[in-house]
Amino acid sequence: MDGARPGLSVEGAVEGLRWMMLSRAFDARATAMQRQGRFGTFSPVKGQEASVVGTSLALDPRTDWVVPSYRELPALLRQGHPLERVMAGYLGKIGGARIPDDVNVLPNQVALATQLQHAVGLAWGLRLQRKPGVVMAYCGEGAASEGDFHEACNMAGVQRAPIVFVLMNNQWAISTSREVQSAGEFYRRAEGYGFPGVAVDGNDLFAVHDVAREAVDRARRGDGPTLIDCLTYRLSFHNTTDNPRAYLPDGWLERAEQEDPIRRLQAYLAGQGLWDDAARAAMEGEIAEQLDAAVEAATSMPSARPGEIFENVYADPPVRVRQQREELAHLTGADG
Amino acid sequence: MAERNIVEAIRDGLAFEMERDERVIVLGLDIGKLGGVFRTTQGLLERFGPDRVVDTPLAEGGIVGSSLGLAISGLVPVAEIQFLGFAHQAFHQIGPQLGRYRYRSRGRYNAQVTIRAPFGGGVKTPEFHPDAVEAQFVQAPGVKVVCPSNPYDTKGMLLEAIRDPDPVLFLEPQRLYRKGRQEVPDGDYTVPFGRARLVREGSDVTLIAWSAAVELCERAAEELAREGVAAGVLDLRTLVPLDVEGLVAEVSRTGRAVVVHEAPLSAGFGAEIVATLQQEAFYSLDAPIARVTAWDTPYPPGSLEGWYLPTVRRVVEAARRTAAA
């Protein structure tokens, strides 16, 4: 990239910072609520915000798609997935967590790399139907060891699918270090699939956005996929059940925190005269209010009903499944 | 109306549906230029072009997984897995992904995908090609598992599968692909899922099967008739959904049943049939229900498959014992 003249405007950078700070604040809120027993297991984005936000800002939410793994919250929000629906999911609500019909995101995916195959099919299908969209698909460097990563990249190359693979190279897959995942560089794999691969400082919002914009443009032109290897650091735990102190080397976290993408962006914007204590206080206040409102909205959504176990399994459930639903309804009575 | 074998019925069904619905595309290994290793897709590439008849890289998980994405994009994919025994390379996409996508997305998305795969033994194929692993997919809620046994059902069930908004594993009996023709209508018709078919009436004992084992049971019933045992044959047609009512009604009439399948005995779908019958038809049963299946071993080399698969002799003996018990 041209370091002197980043593609993302300073206004765009302030918007990016807002998504990043919202994500960071959500992490803290969700973790606290998980510790209180109100939220389910949760995986924070902390440390990877510039990679997620910088890539998703290159998308047009009206036509483009985000296919997440499970650590890309701000990309979902930026596509238009409502915050309270994300919260509803962690609160164990069923219907309330549904992705609205006009929001172009697929559900979170915890079976690693399987979503890349879906993303390729989606992108390929858009191309076949001459629909304008581009698909941005996320996975971690751990997922890149899965067979589905290879199959998906290979199929995408063959079909010249309009897709951008974003590899969140955060150095850790629970306790498994990056060196254990692969002896090679991830971005170089793209060459073998017949499309470009690029490594980027994943903690630099401008740099990430530049490569993402180029990749999205390339896909939109019909020139096929790109693999973006975002070098970043997981600054928190894998999820709320994890204890990184059991495996992180001494000093690793402290060194990684020096590269905190939010602090870096704030320092840059301060240098441009666009960030100071007052701006921080205003933005943090807005975000806290937004989170409060989302928690309240999600909490007031109907709780999961046992009968919802049987909803959306089939369009037309087999007789047997209907009978089991009745059996459960007999147990739950009016509460079902 | 024309006489067609199963291969021709598949070809006719695919072409008919691709003509009727331009969203339908077919994808898989060797299905384009070659027309499929069994020629079930022959002629489709010439007729519908490479965008709708797609030779894919050799990756079962990619064929099935990308089909889910193609469906989300608005297309209706019919994916072919060259042999069901290789579907394990796609197993994690079939059950945990396609089967659960409607559920996981709370109804926002559905996987209108048909996965066609030949299976079953008796034609001396190499390892994995004949494996009858259908029951493994029955434990994947959200997926329908259907197994036609004749040309008429094949086309009608294929059209039903392609139009089903949920994923359907469509299993084709490779031993019967070209064995005999039957009147198959040229135009549109469907065979609904979840309705067993009484192939042959018989008051002494009911032989229960699906896919190629139906043909085996018909031959066994002929031989039993010569001995004076009236054996009926019930073709389940679909494992998911299962026609519990039809199954229970027929076995309640005869009071005796033998389940026949090409999969190994333990935890085969026969176990599900027997459990269902003891629950739903216990007081109508006059004898223990027998099972005639493959052994609990890997599928042997073709030279030994005649000793591995259920045979007319084994079905006849089991039916005879059951009828006399």
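Residues numbered from 1 in each chain as written. Chains lettered and ligands numbered in written order. Predicted model: local features only at pLDDT ≥ 70, side-chain atom pairs only at ≥ 80, totals over all residues.

**Some points on the overall build of chain A**
Broken down by element type, chain A carries 13 helices and 7 strands. Radius of gyration (C-alpha) of chain A: 21 Å, near the 20 Å computed for a compact globule of 336 residues. Each of the three principal axes of chain A carries a C-alpha extent, and together these read 70 × 50 × 40 Å. Here chain A, with 336 residues, has 46% of them falling under the buried criterion. Nonlocal contacts in chain A, meaning residues at least 24 apart in sequence, comprise 76% of its contacts between residues at least 6 apart. (Helix = DSSP H or I, 4+ residues; strand = E, 2+ residues; numbered from the N terminus. Rg over C-alpha atoms; globule rule 2.2 N^0.38 Å. Buried ≥ 20, exposed ≤ 12 C-beta atoms within 10 Å, placed from the backbone. Contact = placed C-beta atoms within 7 Å.)

**As for the domain arrangement of chain A**
In terms of domain boundaries, chain A breaks down into domain 1 (10-304) and domain 2 (305-336). Relative to domain 2 of chain A, the C-alpha centre of domain 1 of chain A lies at a distance of 35 Å. (Domains from an automatic or database assignment.)

**As for the interface of chain B and chain A**
Contacts between chain B and chain A engage 37 residues on the former and 34 residues on the latter. Elements supplying a minimum of two residues to the side of chain B that touches chain A: α3 (60-73), α4 (91-94) and α5 (101-104) of chain B. The greatest single-element share of the side of chain B that touches chain A, amounting to 10 residues, is contributed by α3(B). Its residues assigned to classes, the side of chain B that touches chain A comprises 14 nonpolar, 17 polar and 6 charged. (Nonpolar A, V, L, I, M, F, W, Y, C, P; charged D, E, K, R; others polar.)

**Focus on the sheet that holds strand β13 (residues 257-264) of chain B**
All names here are of chain B. Reading across the sheet, the 5 strands line up as β9-β11-β10-β13-β14 and stay open at both edges, with mixed pairing between neighbours. The open sheet terminates on both sides in strands that have one partner only, identified here as β9 (197-200) and β14 (290-294). Strand-to-strand twist across the sheet, computed as the mean angle between neighbouring axes with direction ignored, equals 25°. The pairing of β13 with β14 spans 4 bridges and is parallel. (Pairing = 2+ DSSP bridges. Axes fitted to C-alpha atoms, helices over the stretch in contact; angles between N-to-C directions.)

**Quick word on helix α7 (residues 151-163) of chain B**
Residue and element names in this part refer to chain B. Here α7 spans 19 Å end to end across 13 residues, near enough to the 18 Å set by a 1.5 Å rise per residue. Most of α7 sits inside the fold, with 11 of its 13 residues counted as buried. Pro151, Asp153, Thr154, Lys155, Gly156, Met157, Leu158, Leu159, Glu160, Ala161 and Ile162 are the residues of α7 that are buried. (Expected span 1.5 Å × (residues − 1).)

**Digging into the pairing of strand β3 (residues 163-169) of chain A**
All names here are of chain A. Extensive coverage of β3 is indicated by the burial of 7 of its 7 residues. Burial along β3 is two-sided: the residues Ile163, Phe165, Leu167 and Asn169 and Val164, Val166 and Met168 are all buried. Crossover strand β2 (residues 135-140) to β3 through helix α6 (residues 147-159) is right-handed. Sheet analysis places β3 next to strand β7 (residues 226-231), joined by 6 bridges and oriented parallel. Residue pairing for β7: Leu167 is matched across the bridge by Asp229. (Right-handed = clockwise from strand over helix to strand, strands pointing away.)

**With respect to the sheet that holds strand β2 (residues 24-28) of chain B**
Residue and element names in this part refer to chain B. An order of β3-β2-β4-β5-β7-β6-β12 is seen for the 7 strands of this open sheet, with the pairing classed as mixed. Of all strands in the sheet, those with a lone pairing partner are β3 (53-55) and β12 (238-240), marking the two edges. Each strand axis lies, on average, 20° off the axis of its neighbour in the sheet, ignoring direction. Here strand β4 (residues 76-80) pairs with strand β5 (residues 114-119) via 3 bridges, running parallel. Bridging from a neighbouring strand, Glu80 pairs with Arg116 of β5.

**Describing helix α9 (residues 244-254) of chain B**
Among the residues of α9(B), B:Val244, B:Leu247, B:Glu250, B:Val251 and B:Thr254 are the ones counted as buried. Along the axis of α9(B), the buried positions cluster into a sector of 145°, meaning they face one direction only. Where the residues of α9(B) are buried, they touch α13 (319-332) of chain A together with β9, β10 (205-209), β11 (231-235), β13 and α10 (269-280) of chain B. Downstream of α9(B) by one or two residues, B:Gly255 has phi in the positive range, about 75°. (Arc of directions from axis to C-beta.)

**Quick word on unusual backbone geometry**
With an omega of 0°, the peptide bond between B:Val240 and B:Pro241 qualifies as cis. Mapped onto the secondary structure, B:Pro241 falls in the loop between β12 and α9. Even without glycine at this site, A:Gln171 takes up a positive phi of about 80°. Tracing the chain through its elements places A:Gln171 in the loop between β3 and β4 (172-173).

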